[in-house]
Amino acid sequence: MSQPRPLSQRRFLLTLLGGVVALLVLGAGFNFMVDPYASFRWGDIKGFNDQKTLRRDGGRVNKALILGHTQFDVLFYGTSRGEMGFDPSSPALGGVPAFNASLSDSNMAELARAAEYAARHQSPRLVVVGLDLMMFGTRTATGGDFERSGFAGASPWPVYARRLLSLQAFDDSGWVLFSSAKGMRQSFAKDGSYDIGARKKSFDHRAEMDGVIRSQLAPTKAAKTYAGFHYAPERMEDLRRLLAAFDNGRTRMVLAITPIHAKVLEAKAAAGLMPAWEQWKRDLAATVAASKAELWDFSGYNAVTTEDIPRDPATRMRWYWDGSHFTKAAGDLMLDRVLAARGDESFGIRLTPDNVETVIGRIRAGRVAYAASHPDEVAEVAAISRR
């Protein structure tokens with residue numbers, strides 16, 4: 001019986017190379033099919049790969065890729081407040097394709113660059129921007145993975161290569177398959193929103209809110225906190241850039257001052273920021289009046305912002321997570337008010353240069369009334385501010 005001829009060295013190397021290439025092609029095909037970060041397409045199969053996640057790389061790289069290849073009728077912008085509070089699946093939108101392009105821990109300078117990038121790839125019918133004073137400070141640095149994303153002009157091809165062949169992509173593909181089969185909701189879903197309720201089964205709202213107030217009032221020079229914050233009116237120029245990006249004759253631009261809880265607003269007052277907060281509203285009203293956009297104010301004192309803070313950790317708040325971050329239920333109310341004119345002016349009023357002083361005066365009066373009706377909450381903020 002004859003022995004098989006041994007492989008020549010050249011044939012052995014070619015066979016080995018072919019095997020490696022075949023494995024890489026199979027692996028890339030697997031990650032392309034599962035597409036764990038929605039990097040290649042938007043469609044998916046329920047129960048197979050529908051529970052995608054954008055958590056890798058901080059999310060900015062993933063959001064830029066998605067905005068570059070999928071068209072949406074509605075885009076949301078803002079910081080983590082917008083990311084958690086604006087729901088692309090809100091009934092108020094009527095089922096049109098929507099994406100939450102908010103960037104956590106962001107500022108107006110960064111958002112303007114991100115919006116200019118999106119406007120080169122998108123032509124939405126509606127853009128909603130959640131605004132708060134902290135976006136208009138001296139801080140202009142980009143956050144997370146912004147400089148590695150398309151927002152900063154980075155090439156997408158190295159990212160695509162990692163999405164197909166990295167060990168992390170294989171790991172996340174497996175997790176997406178498992179989550180989809182089990183129907184497990186992802187906290188950082190492919191629609192760009194962040195659902196903290198999917199990650200935390202219990203939530204002590206009072207502890208969370210007091211934690212936010214303590215961190216915001218702690219003595220520091222950090223521009224991200226109330227204690228270290230300085231309003232920078234020049235950030236209005238960044239807002240003008242954002243407005244100009246979508247000034248295409250087709251897009252309705254809605255700017256919304258987000259609804260901060262009354263107790264957290266007390267912390268802002270304790271930090272001495274109320275004059276800056278009021279001047280910021282005057283500047284916003286003047287800036288937006290010179291554009292085609294709308295400005296809505298959801299701050300102040302009303303049934304949403306004065307919601308009782310439970311002392312029982314087992315009780316869930318309806319409108320807030322921690323007093324700064326509002327729930328998707330509150331976001332739906334905001335969209336209802338703006339898009340369908342439902343609700344009343346106590347929660348959501350169109351702000352213009354003509355009525356801004358009236359609104360400011362109404363909020364000042366509301367603060368006095370809140371202090372009278374909630375002396376314990378106000379005293380707790382005062383105690384924290386003295387530490």
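Structure's up top.
Counting restarts for each chain: residues are numbered from 1 in the order of the written sequence. Since the coordinates come from a predicted model, pLDDT governs what is reported: local features require at least 70, and pairs of side-chain atoms require 80 or more to be given and counted, while whole-chain, interface and lining totals use all residues. The side-chain numbers reported here are obtained from all heavy atoms of the structure, hydrogens and water having been left aside.

A.B. asks: Give me the lowdown on the overall build of the protein, citing residues and values where you can.
C.D. replies: Each helix is a run of DSSP H or I of at least 4 residues and each strand a run of E of at least 2, with the numbering of both proceeding from the N terminus. Each helix and strand in the protein was counted, giving 13 helices and six strands. Referenced to the eigenvectors of the C-alpha coordinate spread, the extents of the protein come out at roughly 100 × 50 × 40 Å. For the protein, buried positions account for 52% of its 387 residues. Only heavy atoms enter the contact rule, under which two residues are in contact if any of them lie within 4.5 Å. For the protein, contacts bridging at least 24 residues in sequence account for 78% of all contacts bridging at least 6. To be clear on the numbers: accessible area is Shrake-Rupley with a 1.4 Å probe, and residue cover counts the displayed protein chains and nothing else. A total accessible area of about 17,600 Å² is found for the protein, and carbon and sulfur atoms account for 57% of it. Relative accessibility decides the category of a residue: with a 1.4 Å probe and only protein chains considered, values under 20% of the type maximum give buried, values over 50% give exposed, and everything between is partly exposed.

A.B. asks: Describe the packing of helix α4 (residues 108–121) against helix α8 (residues 236–245), and please don't skip the residues or the numbers.
C.D. replies: Think of each axis as a best-fit line through the C-alpha atoms, taken over the contacting stretch in the case of a helix, with angles from 0 to 180 degrees between the N-to-C directions. The N-to-C vectors of α4 and α8 enclose an angle of 15°; their axes lie 8 Å apart at closest approach. Between α4 and α8, the angle is such that the two are roughly parallel. Judged by the sense of rotation from one axis to the other, the crossing of α4 with α8 is left-handed. Where α4 abuts α8, its residues Met 108, Ala 109, Leu 111, Ala 112, Arg 113, Ala 115, Glu 116 and Ala 119 lie against Asp 238, Leu 239, Arg 241, Leu 242 and Ala 245. For this classification, the nonpolar set comprises Ala, Val, Leu, Ile, Met, Phe, Trp, Tyr, Cys and Pro, the charged set comprises Asp, Glu, Lys and Arg, and every other residue, Gly included, is treated as polar. Across the contact of α4 with α8, the residue classes break down as nine nonpolar, no polar and four charged. In these notes the angle categories are as follows: under 35 degrees is roughly parallel, over 145 is roughly antiparallel, 65 to 115 is roughly perpendicular, and the rest is oblique. Handedness of a crossing is defined here by the sense of rotation of the near helix relative to the far one, left-handed for an anticlockwise turn of less than a right angle and right-handed for a clockwise turn.

A.B. asks: Help me get a handle on the sheet that holds strand β4 (residues 252–257), residues and values and all.
C.D. replies: Strand pairing is defined by DSSP finding a minimum of two bridges between the two strands. Spatial strand order, β2-β1-β3-β4-β5-β6: six strands in an open sheet with mixed pairing. Here the strands that pair on one side only, and so sit at the sheet edges, are β2 (98–100) and β6 (349–350). In the sheet, strand β1 (residues 74–77) pairs with β2 via three bridges, with the strands oriented parallel. Each residue of the ladder has a partner; that of Phe 76, found in β2, is Asn 100.

A.B. asks: Describe the environment of Lys 281, and please don't skip the residues or the numbers.
C.D. replies: With respect to the helices, strands and loops of the structure, Lys 281 is situated in helix α10 (residues 274–289). Residue classification places Lys 281 among the buried residues on the basis of a relative accessible area of 1%. Among all residues touching Lys 281, those that are not within four sequence positions of it are Ile 257, Asp 297, Ser 299, Leu 351, Val 356 and Ile 363.

A.B. asks: Account for the packing of helix α12 (residues 356–373) against helix α13 (residues 375–386), with residues named and values stated.
C.D. replies: Where α12 contacts α13, the two axes come as close as 5 Å, and the packing angle between them is 100°. In terms of their interaxial angle, α12 and α13 are classed as roughly perpendicular. In contact with Tyr 370, Ala 371, Ala 372 and Ser 373 of α12, α13 contributes Pro 375, Glu 377 and Val 378. Classifying every residue of the contact of α12 with α13 by side-chain character gives five nonpolar, one polar and one charged.

A.B. asks: Tell me about the side chain of Lys 52, and please be specific about residues and values.
C.D. replies: Its location among the elements puts Lys 52 in the loop between α1 (9–34) and α2 (60–69). Working convention for charge: Lys and Arg count positive, Asp and Glu count negative, and His plus the chain ends are omitted. A side-chain nitrogen of Lys or Arg and a carboxyl oxygen of Asp or Glu constitute a salt bridge if their distance falls within 4 Å. As a buried residue without a salt bridge, Lys 52 has its nearest oppositely charged side chain in Asp 35, at a separation of 4.4 Å. Within the structure, Lys 52 has its side chain in polar contact with the backbone oxygen of Val 34 (distance 2.8 Å). Between N or O atoms, a polar contact is any pair within 3.5 Å; within protein, one atom must be a potential hydrogen donor and the other a potential acceptor, and residues adjacent in sequence are included only when both atoms are from side chains.

A.B. asks: Describe the packing of aromatic side chains, and please don't skip the residues or the numbers.
C.D. replies: Here a ring pair, both rings aromatic, is described through the centre-centre distance and the interplanar angle of the planes. Pairing of aromatic rings covers Phe, Tyr and Trp, the last through its six-membered ring, and needs centres within 6.5 Å; plane angles under 30 degrees mean stacked, over 60 mean edge-to-face, and all others mean tilted. All told, the structure shown has 19 aromatic pairs when counted by the stated rule. Ring geometry for Phe 30 against Phe 170: centres 6.5 Å apart, planes inclined by 10°, an arrangement best described as stacked. Here Phe 30 is found in helix α1, whereas its partner Phe 170 is found in helix α6 (residues 167–182), with 140 residues between them in sequence. Overall, the relative accessible area of 28% leaves Phe 30 in the partly exposed class. For Phe 170, a relative accessible area of 29% corresponds to the partly exposed category. Among the aromatic residues, those joined into a ring-pair cluster are Phe 32, Phe 40, Trp 157 and Tyr 160. For Arg 41, the ring lying beneath its charged end belongs to Phe 32, and the centroid distance is 5.3 Å. We call a charge positioned above a ring when the Lys NZ or Arg CZ atom is no farther than 6 Å from the ring centre and deviates by at most 35 degrees from the ring normal.

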